[in-house]
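Residue-level structure breakdown
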Amino acid sequence: MRIWRVGILVTLCVLALSVSPASAQTYSATVGGLGGVWYTVFTGIAELVKEKDPGVIIRVIPGGGLIAVQKVGEGGSEFGLGFPWTVADGRAGRDPFKAALPDVRGAMSGFGSSYLQFVVDKRFGATSIDEIFTKKMPLKIAVDRVGTTDELALRRVMAFYKMTYDDLAKLGGKVSHAGYNDQATLFKDRQVDAMLQNIAVPSSSVLEAKVGRDILLLGFSPELMEYMYKEYAFVKGAIPAGAYGLTDKPLSSPESPTMMTANAKVSADVVYRVVKVVGDNPDRVQKIHDSLKTFDPTGGWKDLGAPLHPGAEKYYREKGWMK
């Protein structure tokens, strides 16, 4: 009897070891800035994957929208988040990318959308983006670091008005590059008058920036929207009415749908397992962040700006979502 019990105990120990975290493989995912929506979203995904499939551990690394595409394309990270327009630019090596990144693959879309959110202090005296730049006001604005979609978007917005950072400095303005949490601090400390973020609604740092200051959320003019669409493939979107309690109607804003990327060299099995956990648990994904309330994996294989990774394709075909 004792020998039998010992045998059972040994067998159970062996089984436990075979599924223990010690036997898991660790991968990385480069996403957006620390404190941003992307970081929150993929941290939640990584926790869900670890819970449902302990053999796959994903370490989330803060970065930026362009950096994330670069890292995945170069193989520095196995996974990441991106926008179809940045992924397509990266694969083709279009500016601001210095070389083509053909190894970027799409894995799943549907993780909400980011919007260009132009926040300004009411006391600055401007009620529109047009007014700020056509009147050449000395704007002091915080934006994420060089290498992020936020910073690239600001340069593209200013280009519409034929302005550069140097032009702004000559007017007495300035551009401060900082992560989202630091932007809120700069704003609350009155070191800047405005923030521009390419981020999902609500942004925690915009909510933080509201504390102690009256702010405006500025919409984009039809001409600026058309420019961002034609020149840079931003979707013509709108920030929902009621955002931050600042507007009672939708505000026109360039939109960027969020997607998961994977490097082409990551095994199909690993990508399949990650996508399966996410796709099989939409109710859990929807609770990660408010921007994911409408997450629906059934169309996750569409409009990715890159070829679909074979591991992801296997999942969608198994589910019958992709014919």
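Summarised in this report is the structure supplied together with it. All of these numbers come straight from a predicted model, not from anything done at the bench.

Looking at the overall build of the protein chain
Secondary structure summary: the protein chain contains 13 helices and 10 strands in total. For 323 residues, the compact-globule estimate of 2.2 N^0.38 gives 20 Å, and the protein chain sits close to it at 22 Å. With respect to the three principal axes, the spread of C-alpha positions in the protein chain is 90 × 40 × 35 Å. Each of the 323 residues in the protein chain was classed as buried or not, and the buried ones make up 51%. Put simply, 74% of the contacts in the protein chain that link residues at least 6 apart link residues at least 24 apart. Surface accessibility of the protein chain: about 14,600 Å² in total, with carbon and sulfur atoms responsible for 54%. For the protein chain, the distance from the average position of its 39 positive side-chain charges to the average position of its 34 negative side-chain charges is 4 Å.

Things to note about unusual backbone geometry
Between D95 and the following residue, P96, the backbone shows a cis peptide bond with an omega angle of 15°. Take P96: it is sitting in the loop between α4 (84-92) and β4 (104-121). Put simply, V201 and P202 share a cis peptide bond, and its omega is 5°. At K162, a position not held by glycine, the phi torsion is positive, near 55°. One can find K162 in the loop between α6 (149-160) and α7 (165-170). K162 sits in the exposed class, given a relative accessible area of 74%. Of note in the backbone geometry, Y244 takes a positive phi value of approximately 60° without being a glycine. Since its relative accessible area comes to 9%, Y244 is described here as buried.

Re the pairing of β4
Judged by how many residues are buried, β4 sits mostly within the fold: 17 of 18 residues are covered. As judged from the 8 bridges shared by β4 and strand β10 (residues 251-263), these two strands associate in the antiparallel manner. In the sheet register, S113 faces β10, and the bridge partner there is P257. Across 6 bridges, the pairing between β4 and strand β7 (residues 194-199) is antiparallel. Opposite Q117, over in β7, you have Q197 as the bridge partner. Here β4 pairs with strand β8 (residues 215-218) via 4 bridges, running antiparallel.

Description of the nonpolar core
In this structure, F42, F79, F111, F118, F133 and M260 are the most contacted members of the largest nonpolar core, which totals 81 residues. With 8 residues, the top contributor of residues to this core is helix α2 (residues 37-52). Every residue in contact with F133, bar those within four places of it in the chain, is listed here: F118, L139, V157, M158, Y161 and M163. If you look at the next biggest cluster of nonpolar residues, it comprises 17 residues, including F187, V206, L217 and A243.

Considering the pattern of salt bridges
Applying the stated rule across the entire model yields 17 salt bridges. K276 is paired through a salt bridge with D280; the nearest N and O atoms lie 2.8 Å apart. Taken as a pair, K276 and D280 lie in helix α11 (residues 268-280) at a separation of 4 residues, close to a single helical turn. R317 serves as the salt-bridge partner of E313, at 2.9 Å between the closest nitrogen and oxygen. Here E313 and its partner R317 are both found in helix α13 (residues 310-319), 4 residues apart, which amounts to about one turn of the helix. You can call R317 partly exposed: its relative accessible area is 40%. Via salt bridges that share partners, E51, K52 and R284 belong to a single interconnected network.

Regarding the packing of α2 against α11
Contact geometry of α2 with α11 gives a least axis separation of 10 Å together with a crossing angle of 100°. The angle between α2 and α11 falls in the class roughly perpendicular. Here α2 contributes I45, L48, V49 and K52 to the contact with α11, which in turn contributes V274, V277 and V278. In the contact of α2 with α11, the residues fall into 6 nonpolar, no polar and 1 charged.

A short note on the packing of aromatic side chains
Aromatic rings considered in pairs are described by the distance between their centres and by the relative angle of their planes. On inspection of all chains with the given rule, the structure shows 11 aromatic pairs. When the centroid spacing of 5.1 Å and the interplanar angle of 25° are considered together, the rings of F133 and Y161 count as stacked. Here F133, found in helix α5 (residues 129-134), pairs with Y161, found in the loop between α6 and α7; they are 28 residues apart in sequence, far enough to count as distant. What makes F133 buried here is its relative accessible area of 2%. Y161 sits in the buried class, given a relative accessible area of 12%. Aromatic pair Y315 and W321: ring centres 5.6 Å apart, planes at 80°, arrangement edge-to-face. Accessibility expressed as a relative area gives 0% for Y315, which makes it buried. Note on W321: relative accessible area 23%, which makes it partly exposed. Within the aromatic cluster, the residues linked to one another by ring pairs are F133, F160, Y161, Y227 and Y232. Directly above the ring of F187 sits R213, whose terminal nitrogen or CZ lies 4.2 Å from the centroid.

Cut-offs applied
Residues numbered from 1 in each chain as written. Predicted model: local features only at pLDDT ≥ 70, side-chain atom pairs only at ≥ 80, totals over all residues. Heavy atoms only, no water. Helix = DSSP H or I, 4+ residues; strand = E, 2+ residues; numbered from the N terminus. Rg over C-alpha atoms; globule rule 2.2 N^0.38 Å. Buried < 20%, exposed > 50% of the residue type's maximum accessible area, 1.4 Å probe, protein only. Contact = heavy atoms within 4.5 Å. Areas by Shrake-Rupley, 256 points an atom, 1.4 Å probe, with all protein chains shown as cover. Lys, Arg positive; Asp, Glu negative; His and termini not counted. Charge placed at Lys NZ, Arg CZ, Asp CG, Glu CD. Pairing = 2+ DSSP bridges. Core = buried A, V, L, I, M, F, W, Y, C linked by side-chain atoms within 4.5 Å. Salt bridge = Lys/Arg side-chain N within 4 Å of Asp/Glu carboxyl O. Axes fitted to C-alpha atoms, helices over the stretch in contact; angles between N-to-C directions. Parallel < 35°, antiparallel > 145°, perpendicular 65-115°, else oblique. Nonpolar A, V, L, I, M, F, W, Y, C, P; charged D, E, K, R; others polar. Phe/Tyr/Trp six-rings, centres within 6.5 Å; stacked < 30°, edge-to-face > 60°. Lys NZ or Arg CZ within 6 Å of the ring centre and 35° of its normal.

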